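# Breakdown of the fold
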Amino acid sequence: ALPIYNVADLLKQYFRDLPEPIFTSKLTDTFLQVYQFVPKEQRLQAVQAAIVLMPDENREMLQALLYFLSDVASVDENQMTPGNLAVCLAPSIFHLNIGKKEKSSARMTQKKKSKCQPDQKDLNEHMAATEGLLHMITECKKLFQIPHD
């Protein structure tokens, strides 16, 4: 049996190595914007609407992943709460910084000189991704129901 941290690393590496994020390149910003700009009481509906726009195979993979993470978080003996899972996995699942690493620009060179401090946009995206994944894990049973209104 693999130690649990190896399983977590494999899961992160799998999502990081996908050619595009599970949310698709076109919709990733939509999901991030939901968690940056949509009021909390409207987020469930907004995310449900974005999920409907996903290709079937991506939606099915997202559903399986969220149900799995919800099951992991429900085990009392482990310390992986939905929040801890979101912090660990959101950057890999949302492909944060993946495309940006490959671009070498004057701005990035300047950033390295300033100790690689992320800009406000990067921080906002990370916070939105973490908050979003946490919300999706805790609400996974509702996310894939078709709204009636």
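In case you missed it, the structure is sitting above this.
A brief report on the enclosed structure follows.

Thresholds, definitions, all that
- Residues numbered from 1 in each chain as written.
- Predicted model: local features only at pLDDT ≥ 70, side-chain atom pairs only at ≥ 80, totals over all residues.
- Heavy atoms only, no water.
- Phe/Tyr/Trp six-rings, centres within 6.5 Å; stacked < 30°, edge-to-face > 60°.
- Buried < 20%, exposed > 50% of the residue type's maximum accessible area, 1.4 Å probe, protein only.
- Helix = DSSP H or I, 4+ residues; strand = E, 2+ residues; numbered from the N terminus.
- Lys NZ or Arg CZ within 6 Å of the ring centre and 35° of its normal.

Counting across every chain of the model gives 4 aromatic pairs. Summarising the aromatic geometry, the rings of Tyr14 and Phe15 are spaced 5.1 Å apart at their centres and angled 85° between planes, so their arrangement reads as edge-to-face. Look at Tyr14 and you get partly exposed, because its relative accessible area is 41%. The interplanar angle of 25° and the centroid separation of 4.5 Å between the aromatic rings of Phe23 and Phe94 together place this pair among those described as stacked. Here Phe23, found in the loop between helix H1 (4-17) and helix H2 (28-37), pairs with Phe94, found in the loop between helix H5 (82-93) and helix H6 (98-102); they are 71 residues apart in sequence, far enough to count as distant. Across this residue pair, the class does not change: Phe23 and Phe94 are buried. Among the aromatic side chains, those forming a connected cluster through ring pairs are Phe23, Phe31 and Phe94. Taking the ring centre of Tyr67 as reference, the NZ or CZ of Lys141 above it sits at 4.2 Å.

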